[in-house]
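Working through the structure, step by step
As a plain string of letters, each chain reads:
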Amino acid sequence: AFEWLYRMYPALAWLLISALVITVVLLISHIIWTVVMAVRHGRRRLSLDDELAMRKIDPAELAEQAEQARREEDYILGVRLLFRASLTLLEEREGRRFRPGATNREHLLRYRQTPIYDWLARFVWVIDSKWYGSEACLPADFAACHEAYEKIASLNAERADAQHA
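The rules we used
Residues numbered from 1 in each chain as written. Predicted model: local features only at pLDDT ≥ 70, side-chain atom pairs only at ≥ 80, totals over all residues. Heavy atoms only, no water. Core = buried A, V, L, I, M, F, W, Y, C linked by side-chain atoms within 4.5 Å. Buried < 20%, exposed > 50% of the residue type's maximum accessible area, 1.4 Å probe, protein only. Helix = DSSP H or I, 4+ residues; strand = E, 2+ residues; numbered from the N terminus. Contact = heavy atoms within 4.5 Å. Phe/Tyr/Trp six-rings, centres within 6.5 Å; stacked < 30°, edge-to-face > 60°. Salt bridge = Lys/Arg side-chain N within 4 Å of Asp/Glu carboxyl O. Disulfide = S-S within 2.5 Å. Patch = residues over 30% accessible without salt bridge, like charges linked within 9 Å, V, L, I, M, F, W, Y side chains within 5 Å. Areas by Shrake-Rupley, 256 points an atom, 1.4 Å probe, with all protein chains shown as cover.

**So, the nonpolar core**
- Residues Val-79, Leu-90, Leu-120 and Phe-123 are the most contacted members of the largest nonpolar core, which totals 30 residues.
- Among the elements of the structure, helix H3 (59–71), helix H4 (75–94), helix H6 (117–132) and helix H7 (139–164) are those that each provide at least two residues to this core.
- For this core, the leading source of residues is H4, giving 10 residues.
- If we ignore the near neighbours within four places in the chain, the residues touching Leu-120 are Phe-83, Leu-90, His-107, Leu-108, Tyr-111 and Ile-152.

**Details of the side chain of Ser-86**
- Relative to the helices and strands, Ser-86 resides in helix H4.
- Judged by its relative accessible area of 0%, Ser-86 falls in the buried class.
- Contacts of Ser-86, omitting those with residues within four sequence positions, involve Phe-123, Tyr-149 and Ile-152.

**A short note on the packing of aromatic side chains**
- Scanning the model with the defined rule gives two aromatic pairs in all.
- Aromatic pair Phe-83 and Phe-123: ring centres 5.4 Å apart, planes at 40°, arrangement tilted. With Phe-83 in helix H4 and Phe-123 in helix H6, this pair connects stretches of sequence that are 40 residues apart. Each of the two residues, Phe-83 as well as Phe-123, counts as buried.
- Ring centres of Phe-98 and Tyr-111 lie 6.5 Å apart, and the angle between their planes is 70°; this geometry places the pair in the edge-to-face category.

**Observations concerning the pattern of salt bridges**
- Following the criterion strictly, the structure yields 10 salt bridges and no others.
- Between Arg-110 and Glu-94 there is a salt bridge, with its nearest N and O atoms 2.9 Å apart. Here Arg-110 is found in helix H5 (residues 104–110), whereas its partner Glu-94 is found in helix H4, with 16 residues between them in sequence.
- In this structure Glu-94 comes out as partly exposed when scored by relative accessible area, which is 30%.
- Between Lys-130 and Asp-141 there is a salt bridge whose closest N-O contact spans 2.9 Å. On the criterion of sequence distance, the pair formed by Lys-130 in helix H6 and Asp-141 in helix H7 is long-range, its members being 11 residues apart. Summarising the burial analysis for this pair, Lys-130 and Asp-141 share the class buried.

**A closer look at the state of the cysteines**
- Taken as a whole and assessed by the stated rule, the structure comprises zero disulfides.
- In this model Cys-137 remains outside any disulfide bridge; the closest cysteine sulfur is found in Cys-145, 7.0 Å from its own.
- We classify Cys-137 as buried; its relative accessible area is 15%.
- With relative accessibility at 0%, the residue Cys-145 sits in the buried group.

**Some thoughts on a nonpolar patch on the surface**
- Taken together, the side chains of Val-24, Ile-28, Ile-32, Trp-33, Val-36 and Met-37 present a nonpolar region at the surface, about 550 Å² in accessible area.
- Overall, the relative accessible area of 52% leaves Trp-33 in the exposed class.

Right, here's the structure in full:
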C-alpha cells in the first residue's frame, strides 16, 4: 500500500507513515502511563487501607450510630452498624483484627461451634435478605439484631470478667 501511494503521491505516503508512527508512540505512551497510574493508585489505596485498619473503632460509637439510623428509620444501616459493632467486640475479645475482606458468612462460620453463632446468624440473615436481597428491612429486624448485639456484648463482657478473675 505504501509503494502504491508513494508512486501516486510521495508526500502523502510519508504523511501516512508519520501518522502511523505517531499513533503507535501515543498508544505505547498511554499504556505505560496507565500502568504507572494503576501502580501508584494501588499503593495509595494500600496506605489508606492500612490507615483505616489502624484506626480504633469504638463499638459503643457504632451502636450509637445504629440507634441514630433507627431514629431516622434507616433500619438496614442500623443493622449493618450493629453487626460491625459486634465484630469489633469479637476482635477485642480475641485480641486481633479479622482478615480484611472477610465476608459475613465467613465471620459466621468462624463462630459455628460457639454460643455466638445464633446471634451472628440473625445479622447475616437480615443483611443477606434485606441489604443484598429485595426485602425491606423492618423495625422488627432492627430490634432482633439489636437484641443479638446486646447478647454478644454481654457474652463478651462475661468472658472479659472471667479472664480478670
